[in-house]
Each structure stands twice: as structure tokens, then as C-alpha cells.
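Here is what each chain is made of, one letter per residue.
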Amino acid sequence: MAEFQCRVCDADGLETLDAFAQIARVTSDCKPWPAGGKMAVCHRCGAIQKLPDAAWFADIESIYKGYQIYELSGGAEQVIFSGDGQGAPRSHRLVDFIKQTAALPPRGKLIDIGCGNGGALRTFSGALPDWKLFGSELTDAAAPSLRMLPNFVDLFTVEPADIKDRFDLVSMIHSLEHMPEPSKTLRDAAGLMTASGVLFVEVPDAETSPFDLIVADHLVHFSPATLRLLAERNGLSVQVLRNDFLPKENTMLARRGATAVTKPDPAAGIAFARRNIAWLGAVMDKAAAAAAGGKPFGLFGTSISGTWLYGALRDKIQFFVDEDVTRVGQSVEGRPIVAPSAIPQDGVVFVPLIPSVADKVIARLSVAGAQFVGPPPFGM
Ligand SMILES: [Zn+2]
């Protein structure tokens, strides 16, 4: 038996993708992290995943010890920008989606598993004022601020399997991809639901966003097919699953109940795992080449991909460009974050986004004297 089984289908079918070990990483709270991760893809189901060896557990322990979510925004939640520059807080859009899609009763109990600093619970509190709110997290650090929510009841720091209450809505918003045993986590989540309860899961989509692979503390890099497989293998019936509601993310609503397991095509997952790792290497090379031109060089964005390139090219970076007004005027290790209108004359700005989105950003911002450089196309 191999040392690791697939975290989605439990098969002995993992192939390690050696090229990934050379690629720098970043943490999910946007700090540079060195190369050296171990990535694999399952030949039975196509699921892309890191290998949870002792080094990975040591990494996540040290990442979570210093975790500072949304530091540049002063703790405020990440704003989701579409290609046209319009922004809205992520959890508002998700809670609206749940209310519209799940036909929730006027009163009920909900628990947010992996609730972090309570960004989603705050939104739930406003949108579902007659519901009782609970959270689950590794520590009780967020308890004082959560208790200020009028309908908040309790924060659990025990294993979800040890929680005795049952809930009409169980949410996992950007937490399942961190879990060392995602099958167990989903089974436990299903066990927390009432018979008519709803499970809501939001995870990054590695199919439309190759940058998910570089996040050191994400274990499984889901696609719609592999998220569906994990849910169906663990006693859940998928009601809605799409990767076009929020950009770069999978949004899933499920209920309890066995269904036939939809077998994914492993070839698709294997192909985009290889393609995306090769593309990340090509992005790094193109950014390094653009930085070597002798002009003031900056990066577009201060989130995952911008921080990733910064970690690899540190000395070459003079400034960051961001459209999020809460970040403009701040700095990253002494490099100023400027608005697009304040890019230095004759500056060069690299845009580390997927090609279709980078094209839109570059078309929109190419007004001043700055030169924008986009990523290489996929499949190079
Ligand atoms: Zn598998």
C-alpha cells in the first residue's frame, strides 16, 4: 500500500508531480512561503492534492500560529472583484445565494465550520436575524467579537463530531480545502444536520484558478467533479454545484441522502494539474523577465498571486498596484501600494491573473504611460 491514499476517493492512485516542488508558495493569509511542497494527482478520480506528510503538518502549524486574515484590509473581508472592477464583499453574495437557493425557513439554527474571525457569521447575523448562530474553530480567539452579534449563541472548539446540537444550515466557507481529512469533515458536517438541513460549501476552484495550487495550507485543490465526488461518497446529495457564481470558486448546496456516485474522468484532472503547474512556472519566468528590464517594476494586486510573485522576486519589486481603495496608501515591506492612476511614469506592471481576466484588466487600465505585462497563455 502506498504511503498516502487519495483524500477524495481513498484509492491508491496518487502520482507525485515533481515540477511543483520548484514553485514558490504563499499562505492563505497572503504571506510568501518557500518552494518545496509535494503535489499529487489521483489516477482514479483526478483529484489534485498535496501530500499531507510531516512537512505539510509542520507548515500548517507555523502558518496558523501567525495567521492574520485580511491584514491589509484591517481585518475587513476580502472584496470580490469581477473583471470590470466592480466589487462586493464575498460573504454578502454567498449568503444571498443561500437564501435564494435553499428555501430556508424563517427561523432555524446554523453553524459555520471553520468560522475564522466571523466574517460570514456577521453577514448571516444581518441576513437571518431570527436564526440562532453557532461557530466552530480551532481556537476561541474570535469569541469576544462573535458574542457581540445579537443572535450568536456559541463557539465550539471541539471536533465537529463531538458537537451535540443539530442544525438547519451547516456552512463551510473556505475551510474544507484546509482540512487534513476532508472525507471525515464532510461526514461529520452531514451528521450535524437535521433531516431537512442544508449544507453549504465554498472552496476555491483549481480548474479555473491555477493559483490555488500555490497556497501552502490548502490540501485538496477541488474541481466541481472532485467536490461532487467527495460529497456523494460521504452521504450527501448535491443540489447545486457551480464554479461560475463567484469567480475562481466552487459553490455547493447539498442535503443528506445517498445518491449514485458520479464517477469523474481522471484524465481531465490529470491534464489540468499538469497544465496548471507548467503555467505557474511560466508565469514566474515571464514576471522575472519583465522585472529585469531596468524600469520601475511593480505587481498588480496584493492578494494571493501578487504576494506569491513578491516572495520569489522580492528585490526586483518597487511597488504594488491595487484597485481596492482600502489597500491603496499602505505598503508591503516598504513597497508602496498605489492606485492605477499613480503608477510611476515609464513603470512596468506585471498582472498575475488568469489570461482572460488579465486581458480585461490590462485593456481597462492601459491609459497612462505605464506598460502592463500579462501572463503567458495556457498550454504554452
Ligand atoms: Zn482519487
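Please read all numbers here as calculations on a predicted model, not as lab measurements. (Residues numbered from 1 in each chain as written. Predicted model: local features only at pLDDT ≥ 70, side-chain atom pairs only at ≥ 80, totals over all residues. Heavy atoms only, no water.)

Visitor: I'd like to hear about the packing of helix α2 (residues 90-102) against helix α3 (residues 119-127), residue by residue, with values.
Guide: The description of two helices packed together rests on the angle between their axes and the distance between the axes. Packing of α2 against α3 leaves a shortest axis separation of 9 Å and a crossing angle of 50 degrees. Between α2 and α3, the interaxial angle falls into the category oblique. Viewed along their axes, α2 and α3 form a crossing whose handedness is right-handed. Across the interface between the two elements, Ser91, His92, Val95, Ile98 and Lys99 from α2 touch Gly119, Ala120, Thr123, Phe124 and Ala127 from α3. Looking at the contact of α2 with α3 residue by residue, the class counts come to five nonpolar, four polar and one charged. (Axes fitted to C-alpha atoms, helices over the stretch in contact; angles between N-to-C directions. Helix = DSSP H or I, 4+ residues; strand = E, 2+ residues; numbered from the N terminus. Parallel < 35°, antiparallel > 145°, perpendicular 65-115°, else oblique. Left-handed = near helix turned anticlockwise from the far one by under 90°. Contact = heavy atoms within 4.5 Å. Nonpolar A, V, L, I, M, F, W, Y, C, P; charged D, E, K, R; others polar.)

Visitor: Any chance you could break down the environment of Met148 for me, citing the residues and the numbers?
Guide: Tracing the sequence through the fold places Met148 in the loop between α4 (143-146) and β10 (152-156). In this structure, the C-alpha to C-alpha distance between Met148 and Arg122, residues 26 residues apart in sequence, is 9.6 Å.

Visitor: Give a detailed account of the packing of aromatic side chains, specifying residues and quantitative values.
Guide: In the structure shown here, the tally under the stated rule is nine aromatic pairs. Centroid distance Phe211 to Trp308: 6.0 Å. Interplanar angle 65 degrees. Geometry classified as edge-to-face. You can see Phe211 sitting in the loop between β12 (193-204) and β13 (220-221) and its partner Trp308 sitting in helix α8 (residues 304-313), a full 97 residues away along the chain. With a relative accessible area of 7%, Phe211 lands in the buried category. Aromatic ring contacts, followed pair by pair, group Phe211, Trp279, Trp308 and Phe378 into a single cluster. Of note, Arg93 hangs over the ring of Phe245, and the distance from its end group to the ring centre comes to 5.1 Å. Stacked on the ring of Phe378, the Lys or Arg Arg275 has its end atom at 4.2 Å from the ring centre. (Phe/Tyr/Trp six-rings, centres within 6.5 Å; stacked < 30°, edge-to-face > 60°. Buried < 20%, exposed > 50% of the residue type's maximum accessible area, 1.4 Å probe, protein only. Lys NZ or Arg CZ within 6 Å of the ring centre and 35° of its normal.)

Visitor: How would you sum up the nonpolar core? Please name residues and give values.
Guide: Here is a general trend for soluble globular proteins: nonpolar side chains tend to be buried in one another's company. Val8, Val170, Leu176, Leu186 and Val201 are the most contacted members of the largest nonpolar core, which has 39 residues in total. Going through the elements one at a time, α1 (54-65), β8 (109-113), β11 (167-173), α5 (182-191), β12, α6 (224-233), β14 (236-242) and β15 (249-256) are the ones with two or more residues in this core. Looking at which domains feed residues into this core, each of domain 1 (14-65) and domain 2 (74-258) gives three or more. In this structure Leu176 touches Pro182, Thr185, Leu186, Val201, Val203, Phe222, Leu227 and Leu230, once residues within four positions along its chain are discounted. Counting 38 residues, the second-largest nonpolar core is a separate cluster that includes Val41, Val283, Leu299 and Ile317. (Core = buried A, V, L, I, M, F, W, Y, C linked by side-chain atoms within 4.5 Å. Domains from an automatic or database assignment.)

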